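The primary structure of each chain is shown beneath.
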Amino acid sequence: MTTTQNETLLKSRNPFRALSSELIEDAALYQQLFSKSVIAGHAESVFQPNNVVVVGPQGSGKTMLLNLTRLEVLAEWKKKGERNWPEILDQVTPFFGISINLTKCHFHVFGRRSIADSLNRGENYGIEISAAADFIAQYLFYEFINAILLIRQDSSHGIRKWLGFSDAEVLKDSLLKNLVNDPVWGKYYTGADSWEGLLESVAKRLESWKNYLSFNTDSIPEEIWGTKVEPESAMNVLGRAVRKLAAEKDTALYVYIDQYEELVNLNKTHGSKLQRLINTLIKARDPYVFYKIGARSHDWGKEIRVLDSESIVEMQRDYILADLNEMFIRNEDKKGYVYKEFARDVGKRRLMFTEGIADNNKDLEAILGKWSPEKEERFYFRDKRKIRAVIMGVEKKIESIIINTYRKDATSFKYRLSSAWALQQRNQGKSLSEIESGIKGRNWENNDSWVKERKEPALIQIASMARARRRYFGLNRIIDLSGGNITIFLHICSEIWDFANRQGISFTDPKSPLDEILQSDAIWIASAKWRERERSEPRGYRRYNAINRIGPAMANYIKKDYALSNPGYSGFSIDESSMAIGENAKKAKEFLDDCVSRAVFEERRHKSKERKAGPRIKYFLQPILSPYYGLPIHRRKEPYYAKIDEVYEWVYGNGNVVFGKRNQKRKPVAMVTETIPFPNWE
Amino acid sequence: MRIPWGQSRSIANAFLNTSGYLVVGCLSFEERSLHIPISAKKHFNHCSVENILLRVETKEEVIPDYRQRAKEIIDENENKLKDMNVGFKPIPCELLADENYLFHLYRRIVNKYNTGTIIVDVSSMPKRYFCFILKKFMTSQDTRNIIVTYTQPELGGYADPQRGGKELSACPRRGEALPAFLSPVTKKANRVVISMGFENLNIESILRDNSSCRDIKIIVSYPPNGRYFSRQWNNLKRIVHECFGGSHNFGRDSIEVISALEVERVYSILDKWEKQSDGLVLLPYGPKPHSIAMAMFAVQNGAGVYYSQPQAYNPDYTHGVGNSWAYVVKWDGIKCYNRTNR
């Protein structure tokens, strides 16, 4: 399919659902939809001459970011006239970027069919790894040649200029000659007299490896076995060739390595050794070649040794770690929080491309509107006479005080917050008159910290007491629900798009923002689907079962916490040091790490509220799951302090999950004899 | 491509006569896995028949964990065969066997048994096993004759979650090429062919890995009842929705409806689609005869065959024993795809 056909197809369908991998295959499409906002903070290091490991949960945008290091993408960008060209690329040393997807090219299969066996050498992992080493070196050589062929095209003068490559050097015959005759290849390519011929020879060699692994042949040809290369040496040759082409710039060779973490999942016996082979390349710290690896949050760091040695790759020394989580998950101080702009930009680009929206005002906020707690509150208890139902857990006298205080200005918010506050005061032993003057003197619209922390749990309780499903709408709410994960953001927008379409409503041509109930129903579907997808993911059933036990237990706590004493109990916190002690603890930690990597849980480090206690890690369900389970989206106050063994039982046990503790000591309630008459203001 | 096929008994009568043969099957929790060994005992007592039955189980701890129940049913089935005096050699095998393991199993069979004529019963055999075994025997000079058998469950015999049953399988691994069916490294195919099944099993991971294949072709099987048809179409709708943004360029010529029992027709369609493209990537999620066709095609043409292997199989996957079919994929050393006359 041509780029034009592909563009046409994309325009006729849900603009939020294009696979990120589709965008990567199509450089022109990538250029249109790429958002520069993702290049912020640590992410800028991707374009510096360093080895970089980019980590983040599944769907956080690692691939989209790293794809920008590929020459094919940049060349296309330059050809199309540099619209939306990321400024950072003019500020960094240029780079000649090639890539390898370790599973697509079958690198992960090495070791699964024994080469040592075909040589009658019994079990010999050294032989398997040396074969894998040659394969990866040759594959990168193949990609290198393809990139050279690309920059030799007439239409590539723009990218040549950016690279600092002189046209004369690129077109020189000696470039090919020097490469082909370099001793690193063991004279294997000596006969190649054209770039196309060389490409074909390398391709044949790669297919020979594949044919052996695929049982099409029973041995490796001697001319290949006898000329195996070490990838560090091969890459150094290629890196020097790039440097030589650049007359005045220190252009480096960048290698983007994808699917590193899948090596151990798909190759139980040799996957770890294959990772060590990659680690060896990083450890080499070649001055001309830099590696860029993308990995899910906790999938990097499990195997950091290099081959044939206990030496390890060291952060800061051998590579830099860029954690997209730190950029995209909002911390309490909001410093460095760039995700909001990033999401808005991504959504806008998708719309502009598919709907041809040129009007800058017609962005997602104009279409989806804005959420506020007060707007949401109006959806519950349309009949004001029923809002009394939210005054829960207090004695009749306090109920009367609350009703009398607000009279016709009553809202379910005021009732719920004042009853919660009153309950808390009662638990502290305050008298009725103190409570009454407190309620009368309090302005719940003040949005002080006490109110701010409790608005969301209050809304959950109000919706529950109104026997209504909670309402979700507005761009700001959708950004919150996506929890710093761009894939989830697109998932939500695409469900809204589909839902609107099914109702015959155009997403982009409403007279006013899309109906809140429509948005809310679509968001519910998005939440349910995110939960369901675990069932078809690798190891997903365990995660699915666990969230189905933990989620409702958390929601139950929040709903029944009428005093709103623990608004932070939508998550739990564990002492970090306790996670390393004992088999159960390690198993539970492994499970939590897996959930974070797969965007099922979010994690954040925090200091304990207890003095002298060590650091802790807090975990919350991914916000997109909040609608399904009825949990707050915003994280405020302290989460529930759980023990690691408790968490182990939640995940691996069979009993009910009891979340949080409700055994706070209560001071006795003072008996009150005065009665307050019921008003009759109706 | 010509492939004689029909009811197992008829094919056996026509081809096996007095010669001895080896049956390689799978002893599973499905009742239909016993059909061929029992039939061979009943109807071909005059031949020298040896039965190798792979007992494929998983050691991996997965949820849902059907291992105990599956083991109990397999043990019962094993005892049934013994009670009927059906001689067989059970070989315990690991579900997630890698290429070394599969090759070792193949060599063990070849070294110990006469593999001149073999019957491969794929009824209950996982794809990573039967595709590998078929490829090795098809390309072996020593194996002159291969008949593949497939026994259906009884009518309506598949578990149906929509009707109170559990799903057929769960806990799929990330999709990857089946052992011995890697796609070319440098020549990129541009067309994916999906044989539709009832469940989608992480098929998105394969479509993501093959996103250079913009053209998708679908084979939907024509099944014995409408309920199976609707399950396939619902599955297709789910895939289109999740993977292709709700729509894709599925013209009339992108979907073929083929009998669930057909091998030859599927092979022909693949051949036609291959000639119109830069290469195919095959996804055998549908009925086993379609998977046999895909495996044959891949052996002949070097296409990649991708699958996301489930790690948990519902012990109630099927019930009962239906019709049994046999396909002569190689005879007198001539492979079916090299045969132009019946």
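Shown above is the structure to which this text applies.
The rules we used
- Residues numbered from 1 in each chain as written.
- Chains lettered and ligands numbered in written order.
- Predicted model: local features only at pLDDT ≥ 70, side-chain atom pairs only at ≥ 80, totals over all residues.
- Heavy atoms only, no water.
- Helix = DSSP H or I, 4+ residues; strand = E, 2+ residues; numbered from the N terminus.
- Rg over C-alpha atoms; globule rule 2.2 N^0.38 Å.
- Buried < 20%, exposed > 50% of the residue type's maximum accessible area, 1.4 Å probe, protein only.
- Contact = heavy atoms within 4.5 Å.
- Areas by Shrake-Rupley, 256 points an atom, 1.4 Å probe, with all protein chains shown as cover.
- Lys, Arg positive; Asp, Glu negative; His and termini not counted.
- Charge placed at Lys NZ, Arg CZ, Asp CG, Glu CD.
- Patch = residues over 30% accessible without salt bridge, like charges linked within 9 Å, V, L, I, M, F, W, Y side chains within 5 Å.
- Salt bridge = Lys/Arg side-chain N within 4 Å of Asp/Glu carboxyl O.
- Pairing = 2+ DSSP bridges.

### Details of the overall build of chain B
Point 1. Scanning chain B for helices and strands turns up nine helices and 16 strands.
Point 2. Against the compact-globule benchmark of 20 Å for 342 residues, chain B has a radius of gyration of 19 Å, which places it among compact chains.
Point 3. Across the 342 residues that make up chain B, the buried fraction comes to 65%.
Point 4. Put simply, 84% of the contacts in chain B that link residues at least 6 apart link residues at least 24 apart.
Point 5. Carbon together with sulfur atoms contributes 46% to the accessible area of chain B, which is approximately 12900 Å² in total.
Point 6. Looking at charge distribution, chain B has the averaged site of its 44 positive side-chain charges lying 4 Å from that of its 35 negative ones.

### Quick word on unusual backbone geometry
Most peptide bonds are trans, and most residues other than glycine sit at a negative phi.
Residues and elements named next belong to chain A.
Point 1. Despite not being glycine, His 106 shows a phi value in the positive range, around 75 degrees.
Point 2. On the secondary structure map, His 106 appears in the loop between strand 2 (95-101) and helix 7 (115-118).
Point 3. A positive phi angle is found at Gln 259, which is not glycine, with a value near 70 degrees.
Point 4. Mapped onto the elements of the fold, Gln 259 is located in the loop between strand 3 (252-258) and helix 15 (262-266).

### So, the environment of B:Tyr129
All names here are of chain B.
Point 1. As for its placement among the helices and strands, Tyr 129 is situated in helix 5 (residues 127-138).
Point 2. Using a relative accessible area of 0% as the deciding quantity, one classes Tyr 129 as buried.
Point 3. Sequence spacing of Tyr 129 and Arg 238 is 109 residues, and the spatial spacing of their C-alpha atoms is 28 Å.
Point 4. The residues touching Tyr 129, leaving out its near neighbours within four places in the chain, are Leu 54, Val 56, Cys 93, Glu 94, Leu 95, Ala 97, Tyr 101, Leu 102 and Leu 105.

### A short note on a positive patch on the surface
Residues and elements named next belong to chain A.
Point 1. A cluster of basic residues, Lys 340, Lys 370, Lys 375 and Arg 378, forms a positive patch on the protein surface.
Point 2. With respect to the helices and strands, the residue Arg 378 is situated in the loop between helix 20 (373-377) and helix 21 (396-406).
Point 3. Its relative accessible area of 56% is what places Arg 378 among the exposed residues.

### Points about the pattern of salt bridges
Point 1. Considering all chains together, one arrives at 61 salt bridges over all chains under this definition.
Point 2. Notably, a salt bridge pairs A:Glu395 with A:Arg426, separated by 2.7 Å at the nearest N-O pair. Here the residue A:Glu395 occupies a position in the loop between helix 20 and helix 21, and A:Arg426 occupies one in helix 22 (residues 412-427), the gap between them amounting to 31 residues.
Point 3. For A:Glu395, a relative accessible area of 26% corresponds to the partly exposed category.
Point 4. Among the ionic pairs, B:Arg191 bridges to B:Asp215, the shortest N-O distance being 2.5 Å. Of the two residues, B:Arg191 sits in strand 9 (residues 191-195) while B:Asp215 sits in strand 10 (residues 215-222), which places them 24 residues apart along the sequence.
Point 5. Looking at B:Asp215, the relative accessible area reads 21%, which means it is partly exposed.
Point 6. Salt bridges sharing common partners tie together A:Glu261, A:Glu262, A:Arg296, A:Asp299, A:Lys302, B:Arg174 and B:Asp209.

### Here we look at the pairing of strand 8 (residues 616-621) of chain A
All names here are of chain A.
Point 1. For strand 8, the buried fraction is high: six of the six residues fall into the buried class.
Point 2. Judged by which residues are buried, strand 8 turns out to be covered on both faces: Arg 616, Lys 618 and Phe 620 on one side and Ile 617, Tyr 619 and Leu 621 on the other are all buried.
Point 3. Bridge count between strand 6 (residues 571-575) and strand 8: five bridges; the pairing is antiparallel. Note on strand 8: the bridge partner recorded for Phe 572 is Tyr 619.
Point 4. With six bridges joining them, strand 7 (residues 601-606) and strand 8 adopt antiparallel strand pairing. Counted as the bridge partner of Phe 601 is Leu 621 from strand 8.

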